[in-house]
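If you want the building blocks of each chain, they are given just below.
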Amino acid sequence: MTAPATTTVAAPEVFDRLRRHLSPALALTGNFAGRGAAEESADGCRVTLSDGRSALDFGSYAVTLLGHRHPAVTAAVRAQLDTMPTSTRSLANPVMAAAAARLSGYLDDRLPKVYFGLGGADVVEVAVKLARLATGRGRVLAVRGGFHGKTVGALALTHSPLYRAGLRGCVVDVVHLDPEDPDAVRREAAAGEVAALVFEPVQGENGAVPLPTEVLRRWCEDAHRAGAFAIADEIQCGLRRCGARSVALADGLPVDAVLLGKPLGGGVVPLSALLCTERMYAPLAADPFLHSATFGGHPLSCAALPAALTAVEELADHGRELAALLDVELAALAARHPGVVGAVRGRGLLRGIDFGSPGTAGAVVVGLAGAGLLVSPCLGRPTTVRLLPPLVATAAEIAEAVGILDAAIVDAAAVTGAG
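Residues numbered from 1 in each chain as written. Predicted model: local features only at pLDDT ≥ 70, side-chain atom pairs only at ≥ 80, totals over all residues. Heavy atoms only, no water.

The protein is annotated in an unreviewed UniProt entry as Aspartate aminotransferase family protein from Streptomyces hintoniae. The UniProt entry for the protein carries the following comment under Sequence similarities (unreviewed entry): "Belongs to the class-III pyridoxal-phosphate-dependent aminotransferase family." UniProt lists a comment for the protein under the heading Cofactor (unreviewed entry), and it reads "pyridoxal 5'-phosphate". (UniProt positions renumbered as here; feature names shortened; annotations may be inferred.)

So, in structure tokens, the structure goes:
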């Protein structure tokens with residue numbers, strides 16, 4: 001693979017620009033995490049910093065499932081760039097049409113309709129909008145601990161009050177359900193006006209928490225009895241991140257829609273998608289301009305999708321092997337640090353390691369970055385650190401990551417007095 005071009009801008013200037021034009025806090029955290037260096041190039045599981053150091057990327061908020069610069073995906077995007085990099089929005093877009101057909105066939109024939117966005121919140125918004133229009137109802141049911149985005153509509157579904165600080169309210173009438181209460185949907189539906197139930201089969205931002213499958217099945221069935229839609233948000237946990245193409249469909253949940261994103265563009269370009277039934281999509285089928293976006297179905301993003309799905313499937317068996325290895329390694333890690341590691345949760349290649357306090361978790365994250373391992377903290381659950389290995393990782397890289405994690409836990413315990 002051709003080596004990526006490097007930036008000529010020194011790291012201090014990067015931090016100064018962030019401070020002046022974006023946020024002082026963003027500059028501070030980036031400077032702290034990189035120990036004075038900025039990200040400069042990346043390939044596979046590795047990120048090269050501006051001072052020449054290399055770090056394993058097991059974070060990136062689940063985007064780099066195929067690692068950085070997967071050759072098949074970058075080749076597809078380059079080819080489209082040389083052909084037609086944007087769409088007229090007036091003429092038919094064959095790249096978007098091909099991507100929609102491929103994605104629908106990839107997931108489930110029961111979900112034939114597709115809407116493309118750029119980020120996860122885009123498709124959360126359109127899913128809720130379609131559910132409300134198709135049912136003529138206003139209320140939406142979400143789940144405690146769930147995260148669905150930070151735009152105003154999606155924010156109503158997101159459970160943590162942290163993200164709503166300073167806002168008087170959101171435009172969607174949402175009730176958050178207790179994931180341990182099987183009767184919650186039936187009870188809320190009896191109160192009337194429920195348009196949809198929205199849930200993550202595995203809650204990423206809440207610390208990689210799998211929701212009880214039998215509860216979700218009961219909820220979906222009760223939603224259908226009440227004439228409401230069941231929507232699985234798999235923006236973080238889908239596309240084999242947790243083993244299956246769709247966690248909800250693999251678990252036999254009768255959903256009307258699945259939301260995908262993050263790695264859908266192959267870790268190269270932004271892309272998200274709503275896949276749903278004809279009934280749920282009916283308002284948009286009747287009026288395709290009911291919900292639209294200038295860059296929705298962007299040719300560069302849609303060109304990446306077939307290459308990304310092919311690569312994911314080629315690596316699926318390897319991903320299952322990595323997940324099994326991760327099970328063993330993380331169980332042993334927890335056993336070595338019983339007073340510091342409270343729990344290890346998750347499914348497949350989405351794992352959450354829970355510590356006794358936010359201070360300990362924060363110290364671990366800082367230690368990991370300095371030692372060459374990038375992970376994703378959980379803002380909504382600050383005691384938990386997320387580990388998101390890519391499908392392209394090797395067994396040796398898993399062992400390397402766990403070794404770095406082990407040392408960081410020892411150092412964090414010494415600093416914070418945990419354990």
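A. Spotlight on the pattern of salt bridges. Counting across every chain of the model gives 25 salt bridges. The partner of Asp16 in a salt bridge is Arg20, with the nearest N and O atoms 2.8 Å apart. Taken together, the positions of Asp16 and Arg20, both in helix α1 (residues 11-21) and four residues apart, correspond to about one turn of that helix. Using a relative accessible area of 24% as the deciding quantity, one classes Asp16 as partly exposed. Salt-bridge contacts for Asp183 lead to Arg187; the nearest nitrogen and oxygen are separated by 3.9 Å. Given a relative accessible area of 22%, Asp183 falls into the partly exposed group. (Salt bridge = Lys/Arg side-chain N within 4 Å of Asp/Glu carboxyl O. Helix = DSSP H or I, 4+ residues; strand = E, 2+ residues; numbered from the N terminus. Buried < 20%, exposed > 50% of the residue type's maximum accessible area, 1.4 Å probe, protein only.)

B. Seen up close, the sheet that holds strand β12 (residues 272-276). In space, the seven strands of this open sheet follow the order β4-β12-β11-β10-β7-β5-β6, with mixed pairing throughout. On the outer flanks of this sheet lie β4 (113-117) and β6 (173-177), each paired with one strand and no other. Each strand of the sheet is rotated relative to its neighbour by a mean of 20°, with strand direction disregarded. When strand β10 (residues 229-233) meets strand β11 (residues 257-260), the two strands line up parallel, connected through three bridges. (Pairing = 2+ DSSP bridges. Axes fitted to C-alpha atoms, helices over the stretch in contact; angles between N-to-C directions.)

C. The sheet that holds strand β16 (residues 376-377), seen in detail. Judged by pairing direction, the sheet is antiparallel, and its four strands sit side by side in the order β13-β14-β17-β16 without closing on themselves. Each edge of the open sheet is held by one strand with a lone partner, namely β13 (341-347) and β16. Pairing of β13 with strand β14 (residues 350-355) involves six bridges; the strand directions are antiparallel. From the neighbouring strand, Ala343 faces β14, where its bridge partner is Asp354. Taken strand by strand, helix α12 (residues 316-336) contacts β13, β14 and β17 (384-387), and its axis lies near 5° from that of β14. (Contact = heavy atoms within 4.5 Å.)

D. Region of interest: the state of the cysteines. For the coordinates displayed, the defined rule picks out zero disulfides. Cys220 takes part in no disulfide bond, and the closest cysteine sulfur, belonging to Cys237, lies 13 Å away. Between Cys276, a cysteine without a disulfide, and Cys220, which holds the nearest cysteine sulfur, the sulfur-to-sulfur distance is 15 Å. For Cys276, a relative accessible area of 0% corresponds to the buried category. (Disulfide = S-S within 2.5 Å.)

E. View of the layout of surface pockets. When its volume is computed, the largest pocket comes out at roughly 1100 Å³. Looking at the largest pocket, it is lined by 32 residues, and the ones nearest its centre are Thr29, Gly30, Ala33, Glu39 and Leu374. Secondary structure elements with two or more residues in the lining of the largest pocket: α1, α2 (24-34), β1 (39-43), β2 (46-49), β3 (54-57), α13 (358-371) and β15 (373-374). At six residues, the largest contribution of residues to the lining of the largest pocket is made by α2. The residue inventory of the lining of the largest pocket, partitioned by class, reads 21 nonpolar, eight polar and three charged. In terms of lining, the second largest pocket is formed by 19 residues, of which the most central are Arg89, Met96, Pro288, Ser292 and Gly296. Elements supplying a minimum of two residues to the lining of the second largest pocket: α4 (94-107), β4 and α10 (278-286). (1 Å grid on protein atoms, 1.4 Å probe; cavity = no way out; pocket = protein on both sides within 12 Å on 5 of 7 lines; lining within 4 Å. Points joined across faces, edges and corners; volume = space filled by probe spheres on them. Nonpolar A, V, L, I, M, F, W, Y, C, P; charged D, E, K, R; others polar.)

F. Structural context of unusual backbone geometry. Unlike most non-glycine residues, Arg69 shows phi in positive territory, near 55°. Looking at the secondary structure, you find Arg69 in the loop between β3 and α3 (71-81).

G. Quick peek at the packing of α12 against helix α14 (residues 395-416). Packing of α12 against α14 leaves a shortest axis separation of 11 Å and a crossing angle of 20°. With respect to each other, α12 and α14 are oriented roughly parallel. Once α12 is placed against α14, the crossing between them reads as right-handed. Facing Leu322, Leu325, Leu326, Glu329, Leu330, Leu333 and Arg336 of α12, the residues of α14 in contact are Ala395, Ile398, Ala399, Val402, Leu405, Asp406 and Ile409. (Parallel < 35°, antiparallel > 145°, perpendicular 65-115°, else oblique. Left-handed = near helix turned anticlockwise from the far one by under 90°.)

H. Highlighting the nonpolar core. Of all hydrophobic cores here, the largest spans 83 residues; its most connected members are Leu103, Phe116, Phe199, Trp219, Val255, Leu264 and Phe355. The element contributing the most residues to this core is helix α11 (residues 299-314), with ten residues. Not counting the four nearest positions on each side in its chain, Trp219 is found in contact with Val143, Leu177, Asp178, Pro179, Asp181, Pro182, Ala184, Val185 and Leu197. Residues Val124, Ala127, Ala142 and Leu157 belong to the second largest nonpolar core, which totals 25 residues. (Core = buried A, V, L, I, M, F, W, Y, C linked by side-chain atoms within 4.5 Å.)

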